[in-house]
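Next come the chains, spelled out residue by residue.
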Amino acid sequence: DTGVSQNPRHKITKRGQNVTFRCDPISEHNRLYWYRQTLGQGPEFLTYFQNEAQLEKSRLLSDRFSAERPKGSFSTLEIQRTEQGDSAMYLCASGSTETQYFGPGTRLLVL
Amino acid sequence: KNEVEQSPQNLTAQEGEFITINCSYSVGISALHWLQQHPGGGIVSLFMLSSGKKKHGRLIATINIQEKHSSLHITASHPRDSAVYICAAGNTGNQFYFGTGTSLTVIP
């Protein structure tokens, strides 16, 4: 499978715990995007990387959120001290603003 | 006001009906995307438009750049078309703005 993959697909955690999600983009894509989608809403932009450089961050990305793409390939999104409001689907996409390929998402539930 | 507005939010149709979903955007765009999301599933890109009209099978997407409006049409709708359809605008600043989606249910 040469599409975008995300792990884990589901995560249940207790409030206050830290979680980390991983995204593996399509190998030849140098752009990688993270989005968050809550029930009944469209995805919201969180952050964007070109290669290993994080070029843009949404104001939605509080200081509890951090994203990395250390070697310009896979990316991780970490949420520290999770809150119930963090419960959402976290989507990763690679490509460009002209063509984006989405991963299956990681569904987070914070209890 | 959201940068991308979709209508209707929910749509129920009988199998075989012609369906139209509308999208209006307020940002300058480099491309307008129509996406499909099945319950619990990932997002699939249906169309990417920067002008005119595109057709793929029973799906047709149009865009009017001057009016900042796009439509997605489904001809001869089928229950397997039931999904959430999302309009997304990609701008020259590398941001992606999504509509809230239109939930379509096609009844046999």
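Bear in mind the structure is a predicted one, so any value in this text is a computation, not a measurement. (Residues numbered from 1 in each chain as written. Chains lettered and ligands numbered in written order. Predicted model: local features only at pLDDT ≥ 70, side-chain atom pairs only at ≥ 80, totals over all residues. Heavy atoms only, no water.)

1. Things to note about the overall build of chain B
Helices and strands together make up the secondary structure of chain B, namely zero helices and eleven strands. Order of helices (α) and strands (β) in chain B, N terminus to C terminus: β-β-β-β-β-β-β-β-β-β-β. Rg of the C-alpha trace for chain B: 13 Å, near the compact-globule value of 13 Å for 108 residues, within the 12% margin. Each principal axis of the C-alpha distribution contributes one length, and for chain B these read about 40 × 30 × 20 Å. Taken across its 108 residues, chain B has 45% of its residues classed as buried. Taking the contacts inside chain B whose residues are at least 6 apart along the sequence as the reference set, 53% of them involve residues at least 24 apart. (Helix = DSSP H or I, 4+ residues; strand = E, 2+ residues; numbered from the N terminus. Rg over C-alpha atoms; globule rule 2.2 N^0.38 Å. Buried < 20%, exposed > 50% of the residue type's maximum accessible area, 1.4 Å probe, protein only. Contact = heavy atoms within 4.5 Å.)

2. What to know about the nonpolar core
Counting 24 residues, the largest nonpolar core has Leu32, Trp34, Leu72 and Tyr85 of chain B as the members making the most contacts within it. Where this core is concerned, the elements lending two or more residues are β3 (19-25), β4 (31-37), β5 (43-49), β7 (59-64), β8 (69-74), β9 (83-90) and β11 (102-107) of chain B. Beyond its immediate stretch of four places on either side in the chain, Leu32 of chain B contacts Cys23, Tyr25, Phe47, Met48, Leu49, Ile63, Ser70, Cys87, Ala88 and Ala89 of chain B. Counting residues in each nonpolar core, the second largest holds 19 residues, with Val19, Leu46, Ala88 and Val110 of chain A among its members. (Core = buried A, V, L, I, M, F, W, Y, C linked by side-chain atoms within 4.5 Å.)

3. Examining the sheet that holds strand β7 (residues 65-68) of chain A
All names here are of chain A. Strand order in the open sheet made by the four strands is β1-β3-β8-β7, with antiparallel pairing throughout. The strands lining the two open edges of the sheet, one partner per strand, are β1 (5-7) and β7. For this sheet, the mean angle separating the axes of adjacent strands, direction not counted, is 15°. (Pairing = 2+ DSSP bridges. Axes fitted to C-alpha atoms, helices over the stretch in contact; angles between N-to-C directions.)

4. A closer look at the sheet that holds β7 of chain B
Residue and element names in this part refer to chain B. Read across the sheet, five strands follow the order β1-β3-β8-β7-β6 without closing on themselves; strand pairing throughout is antiparallel. Strands at the two margins of the open sheet, each flanked by one partner only, are β1 (4-7) and β6 (52-56). Taking each pair of neighbouring strands and ignoring which way they run, the sheet shows an average axis angle of 15°.

5. What to know about the packing of aromatic side chains
Residues and elements named next belong to chain A. Within this structure, the stated rule accounts for seven aromatic pairs over all chains. Their ring planes at 10° and their centres at 6.2 Å tell us that Tyr33 and Tyr35 sit as a pair that is stacked. Considered together, Tyr33 and Tyr35 belong to a single accessibility category, that of buried residues. Measuring from ring centre to ring centre gives 6.2 Å for Tyr35 and Phe45, while their planes differ by 70°; the resulting arrangement is edge-to-face. Taken as a pair, Tyr35 in strand β4 (residues 31-37) and Phe45 in strand β5 (residues 44-50) lie far apart in primary sequence, ten residues in all. (Phe/Tyr/Trp six-rings, centres within 6.5 Å; stacked < 30°, edge-to-face > 60°.)

6. Description of the state of the cysteines
A full pass over the atoms with the stated rule returns two disulfides over all chains. Here Cys23 of chain A pairs with Cys92 of chain A through a disulfide, and the sulfurs are 1.8 Å apart. Measuring the twist about the S-S bond at about -65°, one finds the Cys23 of chain A-Cys92 of chain A disulfide to be left-handed. Note that Cys23 of chain A is positioned in strand β3 (residues 19-24) and Cys92 of chain A in strand β9 (residues 88-95), a separation of 69 residues in sequence. On the accessibility criterion, Cys23 of chain A (0% relative accessible area) is buried. Through a disulfide, Cys23 of chain B is tied to Cys87 of chain B; the S-S separation comes to 1.9 Å. Between Cys23 of chain B and Cys87 of chain B the disulfide shows an S-S torsion of about -60°. By sign, it is left-handed. (Disulfide = S-S within 2.5 Å.)

7. A word on the side chain of Thr82 of chain A
All names here are of chain A. Here Thr82 lies in the loop between β8 (75-79) and β9. Of the residues examined, Thr82 reaches a relative accessible area of 1% and is grouped as buried. Looking at Thr82, its side chain comes within polar contact range of the main-chain oxygen of Gln17, at 2.9 Å. Apart from residues no more than four positions distant in its own chain, Thr82 is found in contact with Thr13, Lys14, Arg15, Gly16, Gln17, Val19, Arg64 and Val110. (Polar contact = N/O pair within 3.5 Å; in protein donor to acceptor, adjacent residues only side chain to side chain.)

8. Quick notes on the interface of chain B and chain A
Each side of the interface is counted separately: chain B has 20 residues, and chain A has 21 residues. Taken together, the two surfaces of chain B and chain A that pack against each other cover about 1,600 Å², and 53% of this comes from carbon and sulfur. Linking chain B with chain A are zero salt bridges, by the criterion used here. Viewed at the interface, chain A and chain B are joined by one residue pair in polar contact (both at pLDDT 80 or more). Of all the secondary-structure elements, those providing two or more residues to the side of chain B that touches chain A are β4, β5, β9 and β10 (96-98) of chain B. Examining the composition of the side of chain B that touches chain A, we find that four residues originate from one element, β4 of chain B, more than from any other. Residues of the side of chain B that touches chain A, tallied by class, amount to seven nonpolar, 13 polar and no charged. (Buried area = accessible area lost by both parts, 1.4 Å probe. Salt bridge = Lys/Arg side-chain N within 4 Å of Asp/Glu carboxyl O. Nonpolar A, V, L, I, M, F, W, Y, C, P; charged D, E, K, R; others polar.)

Everything listed here is a matter of coordinates, which is why it stays silent on function.
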